[in-house]
Amino acid sequence: MSSMSTPFAPAGSRSRLTARIAALPAADKALLKLLFGAALLALALGLAGGFVTALARAGALTFFPDDAYRILTLHGVSVFFYWLYLIQAALLLVLAAAENGRGLALRPVAWLGAALMLAGFGVSEWISATGTPLLYDGSPELAVDDPRSVGFFALGYLLLSAGLVASAVSGIATVLQPRLRGDADEFSSIGFALFAWAGFLVVSAIAATNAFLPGVLWSLGAGPFPADHGTEWHILFHNLHYLPLMATVLVWYVLTEHLTGVKSIHGARMSKIVFAAYLVFVPPTSLYHMFLEPNLSESVRVVGSLLSLFVSVPTLAAFAIIVSSLEASARARGASGLFGWMRGLPWDNPAMANMGWAAVNMMVGITFAFVLIQGELAPLLSDTFFVPGYFHFFAAGVLTQTFLAAMMVMLPAFGGGALWRPAVLTRMPALVTAGLVLFGAAGIAAGFMGVPRRVFDVSYGGVAPAAWPVLMALVGVGATVFAVAIAVTVYGVVRTLLSRRTPAFQASVVDWRAGPDGVGAAPAWTGPLSVAALVAAMYVFTIVAFQLIQSLPIIAVGGGHGH
Amino acid sequence: MKNDELWLTLTIAAVWAVLAAVYAFVPSLGMPGYVRVWGGGAVLFLLLAGLLTAIGRKARQG
C-alpha cells in the first residue's frame, strides 16, 4: 500500500463539476443558492424538532400530548418533506445545469417551481405550528372536526408537489439542451439518471395530488371526507422511499468522479440500466406497505413478500458498481490489501468522509429494513420504536450526510467562498454514525420489546417493563450525539454558503483515472463481498427477530396506519 | 447503443402500465389510487420516450 501513488490535484484546480457550477449565469446561481438555503433551513427546523422529540421520548422533557405531537409533526414535515425535497430540487437543477454546461433551460419555470415550494414550506410550517397536529402523513382522521387544518396541511404538500413538477420540467429541458444543440447524440449516465429522476419526481407529485387533493376539497365542502387517505398515502410514501435513495446514488456517482476522477468501469450503459431499474422496481415492490392492512389476502401478502426482496436491488447494484470501480482503479495504481486500497481515498476531504460513512449507514439500514418488510414481521414491528430506530440510519446517516457532502463540494463553487473548517467537518460523520448506532441499537431493541412508536409516555403507570425507560434513555443519548454532530455540519455548510472569503486551500481530491497496472489486472472483490455480507446479516437478524418475538407473550393485531 | 435511453424509458412505461392494468382489472385489490398513479406514470414515461424520439429525429435531420 505504501508504494501506491495517489497524486493529488494541484491546489486551485477545479473539477469539471465545480468549473461548470462556477460558470453558471448569475440568475441560476441566485435561484440555486435560494433553494440550498431553504433546504438547510428546513433541515435545521427538523433537526431541532427531532432533538426535542428524542429528549421527550427519553423522559428528559415532558409535554402535554398536543404539544408533543405538534413537535413530532414539525420534525417530520420539515425533514421528511421540505429538507429532502427542497434539496432534491436544488440538486436536480444544479446537476442538470452543470450537465448542460450553459445553465438552466426554462429558467422562469424553475423560479416558479422554487416559489411554489417555498410557499408550500410556509403553509406547512404555519399550519403544523398552529393547527391540529396531523403528523407528517396529514391523516384527516385525526381532525374530523377541523377541516381547516386538514385543508391547509394538504395545500402545503400540493404546493410542494406543483413546485417539484415545475423544477422537474426545467431539469428535463436542461439535460436535453446538448442534444437539441447537436453537441451530443445521447445522454451521459448522469444525464440519463437526471432525466429519469425528474420523471419520477413528476410521478410522485401525481401521487401526492392523489393523496392530498381530497383533503383540500373536503375542507372546502367540495368533496366527501377522504376516508381512503391511508391507502393513498401508502402509494406516495412508497415513492418517497425510492426518490431520495435514487438521488443519493446519483450524488455518489457525481462525487466519486469529483473526488477521485473515477467513472464506472462497467460503462455508461450499465449505469443507465441501474438508474432505470429504480423506476422499473418501484411499482412491483409497493405491496409491502399494505402488510398492516388486516383484510389483505394471504396470496397478496405472499406475492408482496417475494416482490419486496427486489426493493434494494438498484441501490446495491449501484453501490457495487461504485465500489468495484474505485477498487479496480486503486489496484491498477498498485494498491493492495482487502480493504487497504481505501486508504488512498481523500478522507481528509469532508465530502469523502460524509460519503464513506453514508455507505456504512446504508448497509446497517438496509439490513434492518429487510427485517421489517417481511410479511410475518411487519404487523408485529411497524407500530413499535423499531421503525424510527432503523430509518434514522437512512434519513440521517445516508440521505442527509450525502446531500450535505454534495453541498460541501458545490457551494464553494457558487461564490468562490471557502469551505468552513474542513478538519472539523471531516470528524462529524463518524460522530453522527456513533450516535446513530446507539440510537438505532437501543431503538431497535426497544421495538423488539414492544415499545410503541408514537406514544410519548411509555411508563403505563409504572407497569411497563423495567428495560423500556433504560432503552429510551439510550435513544435520547444517541439522538443527542448525532443531532449535535449534524448541527455542527449544518452550521459549517451555512457558513460556506455565506462565505465570500477566498479559500486558503483546496479540499483534497485524488486522481485515480489511470494506473500502470491497468484496470482489471487485479480482482476487485470489496463491492460483491460487501453485498454478500449484507445478505448474511439480513438473514441472521431476521432469525434473531423471529426468535425474540416468538419468546414474547404478545398477540399482534394489524394497525393499518402505515409507517 | 444510441437507443439505450429510448428502450429503457419504454420499459419503465411498460412495467408501470402493466401494474396499473393489474390494479384496474383486479377490483378485489381495492386500490384505485394505484391505477391513477402508476397509470399516470406510464403515460408520463411514454411521453418522455416520445420526446426522446422526436429529438433524435430532429438531430438526424440536422
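Computed from a predicted structure; not experimentally measured.

1. Digging into the overall build of chain B
Helix and strand content of chain B: 2 helices and 0 strands. In terms of its C-alpha atoms, chain B occupies a principal-axis envelope of roughly 50 × 20 × 10 Å. The burial tally for chain B puts 34% of its 62 residues in the buried class. Across chain B, every contact between residues at least 6 apart in sequence was considered, and the portion connecting residues at least 24 apart equals 60%.

2. Some remarks on the overall build of chain A
Each helix and strand in chain A was counted, giving 16 helices and 0 strands. Computed over its C-alpha atoms, the radius of gyration of chain A comes to 23 Å, within 12% of the 24 Å expected for a compact globule of 563 residues. Expressed along its principal axes, the backbone C-alpha trace of chain A runs to roughly 65 × 50 × 45 Å. Counting over 563 residues, chain A shows a buried share of 56%. The contacts in chain A between residues at least 6 apart in sequence include a share of 86% that link residues at least 24 apart.

3. Concerning the packing of helix H6 (residues 189-219) of chain A against helix H7 (residues 229-260) of chain A
Residue and element names in this part refer to chain A. Axis separation between H6 and H7 bottoms out at 9 Å; the angle between their running directions is 160 degrees. As summarised for this structure, H6 and H7 are arranged roughly antiparallel, according to the angle between their axes. In this structure, H6 meets H7 at a crossing whose hand is left-handed. Counted by class, the contact of H6 with H7 contains 19 nonpolar, 4 polar and 1 charged residues.

4. A look at the interface of chain B and chain A
Taken residue by residue, the interface counts 23 residues in chain B and 25 residues in chain A. For the side of chain B that touches chain A, the secondary-structure elements that each account for two or more residues are helix H1 (4-25) and helix H2 (32-60) of chain B. For the side of chain B that touches chain A, the element with the highest residue contribution is H2 of chain B, accounting for 12 residues. Residues belonging to the side of chain B that touches chain A are distributed by class as follows: 15 nonpolar, 4 polar and 4 charged.

5. Let's talk about the packing of H7 of chain A against H2 of chain B
Helix packing for two helices is described by the angle between their axes and how far apart those axes are. Interaxial distance between H7 of chain A and H2 of chain B falls to 9 Å at its minimum, and their mutual angle equals 30 degrees. In terms of their interaxial angle, H7 of chain A and H2 of chain B are classed as roughly parallel. Here the hand of the crossing between H7 of chain A and H2 of chain B comes out right-handed. Mapping the contact onto sequence places Thr231, Glu232 and Ile235 of chain A in H7 of chain A and Gly33, Tyr34 and Val37 of chain B in H2 of chain B.

6. Description of the confidence of the model for chain A
All names here are of chain A. In this model, chain A carries a mean pLDDT of 90, and residues with pLDDT of at least 70 account for 94%. At the level of individual helices and strands, chain A shows its lowest average pLDDT in helix H9 (residues 298-308), which scores 75, and its highest in helix H4 (residues 107-130), which scores 98. Residue range residues 1-8 is modelled with pLDDT below 50. Its contacts to residues more than four positions away, or to other chains, number 19 contacts. Within the model, pLDDT remains below 50 along residues 556-563, and this stretch shows 24 contacts once partners closer than five positions in the same chain are excluded.

7. Concerning the nonpolar core
Most often, soluble globular proteins have nonpolar side chains that are buried together. Residue and element names in this part refer to chain A. Membership of the largest hydrophobic core comes to 214 residues, with the highest contact counts inside it found for Ala39, Leu86, Ala90 and Trp197. In terms of residue count, helix H3 (residues 65-100) provides more of this core than any other element does, 24 residues in total. Ignoring any residue separated from it by four or fewer positions in sequence, one finds leucine 86 in contact with Leu35, Ala38, Ala39, Ala42 and Met117.

8. Considering helix H8 (residues 267-281) of chain A
Between the first and last C-alpha of H8 of chain A there are 22 Å, a value that for 15 residues agrees with the 21 Å anticipated at 1.5 Å per step. Taken together, the buried positions of H8 of chain A are occupied by Ser271, Lys272, Val274, Phe275, Ala276, Ala277, Tyr278 and Leu279 of chain A. Tucked inside the fold, the buried residues of H8 of chain A contact H6, H7 and helix H10 (313-332) of chain A together with H1 of chain B.

9. Details of the environment of alanine 464 of chain A
Relative to the assigned elements, alanine 464 of chain A resides in the loop between helix H14 (422-448) and helix H15 (467-498). Excluding its chain neighbours within four sequence positions, the residues that come into contact with alanine 464 of chain A are Val458 and Ser459 of chain A.

10. Quick notes on helix H2 (residues 26-57) of chain A
If you check H2 of chain A, its first and last C-alpha atoms are 46 Å apart, about what 32 residues at 1.5 Å a residue would give, namely 46 Å. Of the residues one or two after H2 of chain A, glycine 59 of chain A is the one with positive phi, at around 90 degrees.

Analysis parameters
- Residues numbered from 1 in each chain as written.
- Chains lettered and ligands numbered in written order.
- Predicted model: local features only at pLDDT ≥ 70, side-chain atom pairs only at ≥ 80, totals over all residues.
- Helix = DSSP H or I, 4+ residues; strand = E, 2+ residues; numbered from the N terminus.
- Buried ≥ 20, exposed ≤ 12 C-beta atoms within 10 Å, placed from the backbone.
- Contact = placed C-beta atoms within 7 Å.
- Rg over C-alpha atoms; globule rule 2.2 N^0.38 Å.
- Axes fitted to C-alpha atoms, helices over the stretch in contact; angles between N-to-C directions.
- Parallel < 35°, antiparallel > 145°, perpendicular 65-115°, else oblique.
- Left-handed = near helix turned anticlockwise from the far one by under 90°.
- Nonpolar A, V, L, I, M, F, W, Y, C, P; charged D, E, K, R; others polar.
- pLDDT = per-residue confidence, 0-100.
- Core = buried A, V, L, I, M, F, W, Y, C linked by C-beta atoms within 7 Å.
- Expected span 1.5 Å × (residues − 1).

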